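Letter by letter, the chains look like this.
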Amino acid sequence: MRKVVEQIRAQQASDGDGVKLLRVFGGARPERFDPFLMLDEFGSDVASDYIGGFPPHPHRGFETVTYMLQGKMEHRDHMGNVGLLNDSDVQWMTAGRGIIHSEMPRQTEGRMRGFQLWVNLPAANKMKPAHYQDIPGDDIPVYTFSNFSVKAIAGQITLGDTLVKGYFDVPDTQAMMLDIYLAPGSIVELPLESSMTSLVYTYDGAVTLGEDRVPARQQTLSRMAGEGALQVTNNGTEEARLLVLAGEPLREPIVQHGPFVMNSVAEIEQAIQDYQAGVLAG
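Just so it is clear, the model here is predicted, and its values are computed rather than measured.

> Honestly, the side chain of His75 in this entry has me stumped. Any pointers?
Its place among the elements puts His75 in strand β7 (residues 73-77). The buried category is assigned to His75, whose relative accessible area is 3%. A polar atom in the side chain of His75 sits 3.4 Å from the side chain of Tyr132.

> Can you walk me through the pattern of salt bridges in this structure?
Two side chains that carry opposite charge are able to pair once their charged atoms sit near each other. Within the structure shown, the criterion is met by twelve salt bridges. Here Arg106 and Glu74 are joined by a salt bridge, their closest N and O atoms 2.9 Å apart. On the criterion of sequence distance, the pair formed by Arg106 in the loop between β10 (99-105) and β11 (112-120) and Glu74 in strand β7 is long-range, its members being 32 residues apart. With relative accessibility at 42%, the residue Arg106 sits in the partly exposed group. Given a relative accessible area of 11%, Glu74 falls into the buried group. Between Asp179 and Arg241 there is a salt bridge, with the nearest N and O atoms lying 2.7 Å from each other. With Asp179 in strand β17 (residues 176-182) and Arg241 in strand β24 (residues 240-247), this pair connects stretches of sequence that are 62 residues apart. Judged by relative accessible area, Asp179 falls into the buried class, the value being 2%. Accessibility expressed as a relative area gives 26% for Arg241, which makes it partly exposed. Several salt bridges converge on common partners, so that one network encompasses Glu6, Arg32 and Arg223.

> Would you mind going over the sheet that holds β10 with me for this structure?
Strand pairing in a sheet is mediated by backbone hydrogen bonds. Such pairs are either parallel or antiparallel. Spatially, β5-β10-β7-β8 is the arrangement adopted by the four strands of the open sheet, whose pairing is antiparallel. Unpaired on one side and paired on the other, β5 (54-59) and β8 (82-85) mark the two borders of the sheet. Pairwise comparison of adjacent strand axes, ignoring direction, gives a mean angle of 20° for this sheet. Judged from the four bridges that link them, β7 and β8 form a sheet pairing that is antiparallel. Along β8, the bridge assignment pairs Met73 with Leu85.

> Would you explain the layout of surface pockets in this entry?
To find leftover empty space, a probe the size of one water molecule is rolled over the atoms. Roughly 450 Å³ of internal volume is contained in the largest pocket. Lining of the largest pocket is provided by 24 residues; of these, Asp15, Phe54, His57, Gln116 and Trp118 occupy positions nearest its centre. Among the secondary structure elements, those contributing two or more residues to the lining of the largest pocket are β3 (19-25), β4 (36-44), β5 and β11. In terms of residue count, β5 provides more of the lining of the largest pocket than any other element does, six residues in total. Residues that form the lining of the largest pocket fall into these classes: eleven nonpolar, nine polar and four charged.

> Looking at this structure, I do not really get the packing of aromatic side chains. What am I missing?
One pair of aromatic rings is described through two measures. These are the centre distance and the angle between the planes. As enumerated under the stated definition, the model contains nine aromatic pairs in all. Here Phe115 and Tyr203 contribute two aromatic rings whose centre-to-centre distance is 4.9 Å and whose plane-to-plane angle is 70°, an arrangement assigned as edge-to-face. In this pair, Phe115 sits in strand β11 while Tyr203 sits in strand β19 (residues 197-204), placing the two residues 88 residues apart along the sequence. With respect to class, Phe115 is no different from Tyr203; both count as buried. Every member of this aromatic cluster is reached through a ring pair, and the members are Tyr67, Phe115, Tyr201 and Tyr203.

> How should the pairing of β10 be read in this particular structure?
On a regular strand, each side chain points to the face opposite its neighbour's, so the side chains alternate between the two faces of the sheet. Of all seven residues that make up β10, five are buried, and the element is covered over most of its length. Looking at chain direction, β5 and β10 are connected through four bridges and run antiparallel. Among the inter-strand pairings, Pro58 is bridged to a residue of β10, identified as Ile100. Where β7 lies against β10, five bridges are found, and the strand directions are antiparallel. Bridged to Met73 within β10 is Pro105.

Cut-offs applied
- Residues numbered from 1 in each chain as written.
- Predicted model: local features only at pLDDT ≥ 70, side-chain atom pairs only at ≥ 80, totals over all residues.
- Heavy atoms only, no water.
- Helix = DSSP H or I, 4+ residues; strand = E, 2+ residues; numbered from the N terminus.
- Buried < 20%, exposed > 50% of the residue type's maximum accessible area, 1.4 Å probe, protein only.
- Polar contact = N/O pair within 3.5 Å; in protein donor to acceptor, adjacent residues only side chain to side chain.
- Salt bridge = Lys/Arg side-chain N within 4 Å of Asp/Glu carboxyl O.
- Pairing = 2+ DSSP bridges.
- Axes fitted to C-alpha atoms, helices over the stretch in contact; angles between N-to-C directions.
- 1 Å grid on protein atoms, 1.4 Å probe; cavity = no way out; pocket = protein on both sides within 12 Å on 5 of 7 lines; lining within 4 Å.
- Points joined across faces, edges and corners; volume = space filled by probe spheres on them.
- Nonpolar A, V, L, I, M, F, W, Y, C, P; charged D, E, K, R; others polar.
- Phe/Tyr/Trp six-rings, centres within 6.5 Å; stacked < 30°, edge-to-face > 60°.

Laid out in structure tokens, this is it:
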């Protein structure tokens with residue numbers, strides 16, 4: 001079984017126009033999460049925590065995955081595209097060469113909760129044209145087993161005799177993103193390729209991981225290592241929910257400057273110049 005080699009507690013942060021969120025991981029030593037770059041959880045019942053949203057801002061060199069649990073978020077970009085994400089919807093956006101977009105709440109009260117994940121692109125694809133898909137939550141496959149269920153956003157994995165196949169296929173990294181619900185007393189084993197990076201973010205309840213049963217409480221990211229299956233156990237009396245992320249590392253240099261993620265300082269400088277000149281997304 002894979003073992004826990006690092007645990008990180010999500011930290012309170014603010015982004016956009018004062019949106020309060022939890023930064024799960026991102027920043028220093030990004031190679032240990034390769035091919036993933038960052039994960040944020042946002043969620044509040046208080047409109048002032050999210051109403052400012054994320055006014056127009058640029059991206060280049062990676063992909064963003066926005067997964068709404070609750071709430072309404074509108075996306076607009078420099079190409080004139082407009083999309084509305086509702087409860088359980090997913091947007092997979094490839095920034096590629098460049099995109100300038102905004103993400104703004106379309107509610108003034110009530111609960112808003114969700115995640116944004118950043119997935120790196122290989123050097124060969126960092127300058128591809130921007131593209132995105134808004135997918136209704138009902139179109140995301142859900143697989144139900146005796147004591148757990150899996151919402152398969154991306155990637156594929158075989159559980160028992162069942163091929164669990166996500167909505168999105170990510171050829172560059174075979175990136176997997178699963179939202180898993182575990183009933184009390186349940187165990188799930190996820191067979192992963194030994195070369196894959198594997199991360200578990202417990203966002204509701206608590207679980208234990210691996211044969212050593214390492215506790216992973218709510219709002220904790222666990223980075224796993226070693227070969228074999230990723231084992232998750234819910235020993236408690238309450239349900240647990242978690243995101244499982246897995247993918248093949250790109251093993252390329254990672255140079256990040258805010259919303260730009262490239263392979264060299266020179267490429268970052270070019271991105272900044274392109275943005276200032278108004279040709280980032282040309």
